[in-house]
Amino acid sequence: MVTQEEIKRSHTQGFGGSDAKMFAKIGRYGVDALSTTEVKRVLMVLGKMEYQSFGGNVYTEAGHMFEDWLAEKETDQGVVFDRETMMQTDAITPRHFKVFAHADFYKTTKQEVVECKYSQDDTDKVFAYYYEQLQWYYILGAQEVHLAH
């Protein structure tokens, strides 16, 4: 699992997969469309604001339990993935920040990512909501990206 310190370090030095939707929003509607939370996120990366954690609630915990369940199931079936792999690329990294993602499950041999989402919504709705995050993994070199819901 990624430690809280690693999350803080990565989120203050760059933009991750969970920020992908924010960049799509900027592309579609401009910077003025950003929410207060998104503006704070950008300010943290630029060093203009102290780090703030935006996660860590009952839903986050349920998501971690889902990941643990899936890891156990996959291991029982002989599938080998690394958990919480930090993916990063220098090919597109701008000067002032890094581009990264924490893949829930990553299979190095196939450059395959499995992103887990625990939700009561139907899978099509979950896929549409997290589409940009799933695409982000391709930017970082993934050859296959799967949604586990």
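Up top is the structure these notes are about.
For clarity, every value in this text was computed on a predicted model and none was experimentally measured. (Residues numbered from 1 in each chain as written. Predicted model: local features only at pLDDT ≥ 70, side-chain atom pairs only at ≥ 80, totals over all residues. Heavy atoms only, no water.)

## Considering the overall build of the protein
- Counting its regular elements, the protein contains six helices and five strands.
- For the protein, the N- to C-terminal ordering of α and β elements is α-β-α-α-α-β-β-β-α-α-β.
- What you see for the protein is a C-alpha radius of gyration of 16 Å, in line with the 15 Å of a compact globule of 149 residues.
- Here the C-alpha coordinates of the protein stretch approximately 45 × 35 × 30 Å along the principal axes.
- Burial statistics for the protein: of 149 residues in total, 36% are counted as buried.
- Within the protein, residue pairs in contact and separated by at least 24 positions form 61% of the contacts whose partners lie at least 6 positions apart.
- Carbon and sulfur atoms make up 51% of the accessible area of the protein, which amounts to about 9300 Å² in all. (Helix = DSSP H or I, 4+ residues; strand = E, 2+ residues; numbered from the N terminus. Rg over C-alpha atoms; globule rule 2.2 N^0.38 Å. Buried < 20%, exposed > 50% of the residue type's maximum accessible area, 1.4 Å probe, protein only. Contact = heavy atoms within 4.5 Å. Areas by Shrake-Rupley, 256 points an atom, 1.4 Å probe, with all protein chains shown as cover.)

## Thoughts on the nonpolar core
- With 17 residues, the main nonpolar core has Met87, Val113, Trp136 and Tyr137 as its most contacted residues.
- At the level of elements, helix H2 (20-29), strand S3 (98-107) and helix H6 (131-139) are the ones that each hand at least two residues to this core.
- Here the element with the most residues in this core is S3; it accounts for four residues.
- Contact partners of Met87, with chain neighbours within four places excluded, come to Val99, Phe100, Ala101, Ala103, Tyr106, Val113, Tyr137, Leu140 and Ala142.
- Leu70, Ala71, Phe81 and Phe105 belong to the second largest nonpolar core, which has eight residues in total. (Core = buried A, V, L, I, M, F, W, Y, C linked by side-chain atoms within 4.5 Å.)

## Comments concerning the pairing of S3
- When you tally the buried positions in S3, you get eight out of ten residues, the bulk of the element.
- Where strand S1 (residues 14-15) meets S3, two bridges bridge the pair, whose relative direction is parallel. The partner of Phe15 across the bridge, within S3, is Val99.
- Relative to S3, strand S2 (residues 82-88) runs antiparallel, the two sharing six bridges. Opposite Thr85, over in S3, you have Ala103 as the bridge partner.
- Alignment of S3 against strand S4 (residues 112-116), held across three bridges, turns out to be antiparallel. From the neighbouring strand, Tyr106 faces S4, where its bridge partner is Val113.
- Where S3 folds back on S4, the antiparallel hairpin that results is connected by four residues, among which Gln111 adopts a positive phi of roughly 50°. (Pairing = 2+ DSSP bridges.)

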